[in-house]
Amino acid sequence: MIYTVTLNPSVDYVVQVDDFQLGTLNRTRRNEVYPGGKGINVSRVLNRLSIPSTALGFIGGFTGQYIETILQKEGVRTDFVTTDGLTRINIKLKSEKETEINGEGMEIPSEKVDAFFQKIDKLQRDDLLVIAGSAPRSLPKDLYEKVAELARKKGVKLVVDVSGSPLSQLVTYSPFFMKPNHHELGELFQREITNVAEAVHCGQQLIEQGVEHLVISMAEQGALYLNREGVWKATVPKGTVKNSVGAGDSLVAGFIGTLAKTNDVMAAFRFGVASGSATAFSEDLCKREDVEALLPEVQIAKL
Ligand SMILES: Nc1ncnc2c1ncn2[C@@H]1O[C@H](COP(=O)(O)OP(=O)(O)O)[C@@H](O)[C@H]1O
Ligand SMILES: O=P(O)(O)OC[C@H]1O[C@](O)(COP(=O)(O)O)[C@@H](O)[C@@H]1O
């Protein structure tokens with residue numbers, strides 16, 4: 001079974017403003033609302049690929065209720081801990097450029113954290129636990145490590161899609177799968193990654209440290225897959241980007257979902273990349289038919 005953890009879910013408020021100007025009244029041309037947060041996006045995409053998962057994490061208030069309602073309507077299983085706070089609203093402003101404002105998240109009291117750990121404690125050997133996105137500032141700094149520690153004790157496989165210091169903490173738990181983008185990878189190694197050779201160099205160190213499957217995504221510039229046997233590069237399909245929010249999460253879902261179904265790593269890599277691009281070319285997250293249509297455009301070569 002696949003479980004996703006979103007410690008800091010969000011309602012994503014996507015607004016299109018033509019010629020956005022700071023410091024004045026702007027009016028939207030279009031606005032949409034989606035359930036968001038990285039683990040939640042992974043669960044929603046897995047569901048569209050007919051792969052069941054359970055979404056875990058913390059929700060609160062009318063925004064949290066909205067997320068749970070939409071997920072359940074779509075058929076995603078949920079087992080959130082409900083708090084008295086209010087799930088954040090993240091602003092995704094589309095104008096000449098894409099601007100994001102992500103909230104810091106709500107206060108989560110310690111008894112709610114205990115309730116969350118009780119849920120993690122029910123996972124079984126060989127379950128996949130996807131840890132994705134930021135944690136609300138109120139949570140202890142080592143919370144992700146504690147989740148990873150418990151997962152390791154129970155023989156649960158870790159999938160990691162986080163950035164900043166949680167990434168450097170979780171990499172030491174030999175994740176089954178990790179998907180940093182090249183900026184996150186650069187941050188981890190405290191250097192700028194400007195080309196494939198540099199990304200491969202850093203990626204290989206992660207494989208040596210015990211990461212089993214690694215995808216380094218580089219938006220429209222392609223993606224790399226690394227394991228103990230080698231390095232592969234995929235081209236990404238060309239198209240018009242409508243909303244790249246959730247593209248990375250879609251790659252994660254496409255990869256782990258296909259790997260769970262077929263045990264074929266290259267099929268998983270191809271499907272993951274096509275899922276990321278299908279999301280970038282859609283308003284919301286990708287649909288299965290859009291992903292399948294892009295598969296022939298993903299060319300994979302061994303480096
Ligand atoms: N402009 C784009 N054109 C085509 N595919 C894209 C584009 N941006 C993102 N993608 C797809 O989404 C995947 C993840 O995007 P990326 O921006 O690297 O990750 P993240 O969303 O985690 O920052 C890419 O590997 C690619 O498949
Ligand atoms: O937890 P964070 O890092 O604040 O990110 C949350 C945001 O990330 C998203 O999950 C999208 O992630 P990506 O665009 O990186 O795939 C949004 O739905 C959400 O608003």
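I will try to describe carefully the structure that is included in this document. (Residues numbered from 1 in each chain as written. Chains lettered and ligands numbered in written order. Predicted model: local features only at pLDDT ≥ 70, side-chain atom pairs only at ≥ 80, totals over all residues. Heavy atoms only, no water.)

Regarding the site of ligand 1
Here is the rule: Residues are labelled near a given molecule or strand when at least one of their non-hydrogen atoms is within 4 Å of it. As used in this structure description, the phrase polar contact means that two N or O atoms lie within 3.5 Å; if the pair is within protein, one of them must be able to donate a hydrogen and the other to accept it, and residues adjacent in sequence are counted only when both atoms belong to side chains. In short, Shrake-Rupley with a 1.4 Å probe defines the accessible areas, and a residue's cover is counted only from the protein chains shown. Each residue receives one of three labels: charged for Asp, Glu, Lys and Arg, nonpolar for Ala, Val, Leu, Ile, Met, Phe, Trp, Tyr, Cys and Pro, and polar for the others, Gly being one of them.
Every one of the 16 residues lining ligand 1 counts as a neighbour, but Asn-181, Ser-217, Ala-219, Val-273 and Ser-277 are closest to it. The contact in question runs from an oxygen atom of ligand 1 to an N or O atom on the backbone of Val-273, over 3.0 Å. Contact between ligand 1 and Ser-277: a nitrogen atom at 2.9 Å from a side-chain N or O atom of the residue. Here ligand 1, which alone exposes 560 Å², has 84% of that area covered by the protein. Of the residues belonging to the shell around ligand 1, the class tally is nine nonpolar, five polar and two charged.

Some remarks on the packing of aromatic side chains
Threshold: The aromatic pairing rule takes the rings of Phe, Tyr and Trp, using the six-membered ring of Trp, and pairs them if the centres are within 6.5 Å, calling planes under 30 degrees apart stacked, those over 60 edge-to-face and the rest tilted. Going along the chain from the N terminus, every DSSP run of H or I of four or more residues is numbered as a helix, and every run of E of two or more is numbered as a strand. Each residue is assigned to one of three classes by its accessible area relative to the maximum for its type, calculated with a 1.4 Å probe on protein chains only: buried under 20%, partly exposed between the two thresholds, exposed over 50%.
By the definition in use, this model includes six aromatic pairs. Geometrically, the ring pair formed by Phe-177 and Phe-255 is stacked, given 4.2 Å between the ring centres and 10° between the ring planes. Here Phe-177 is found in strand β11 (residues 177–178), whereas its partner Phe-255 is found in helix α8 (residues 247–262), with 78 residues between them in sequence. For the pair Phe-177 and Phe-255, a shared accessibility class is recorded, and that class is buried. With 5.8 Å between their ring centres and 45° between their planes, Tyr-225 and Trp-232 make a pair best called tilted. An aromatic cluster is defined as three or more aromatic residues linked by ring pairs; in this entry it consists of Phe-177, Tyr-225, Trp-232, Phe-255 and Phe-269.

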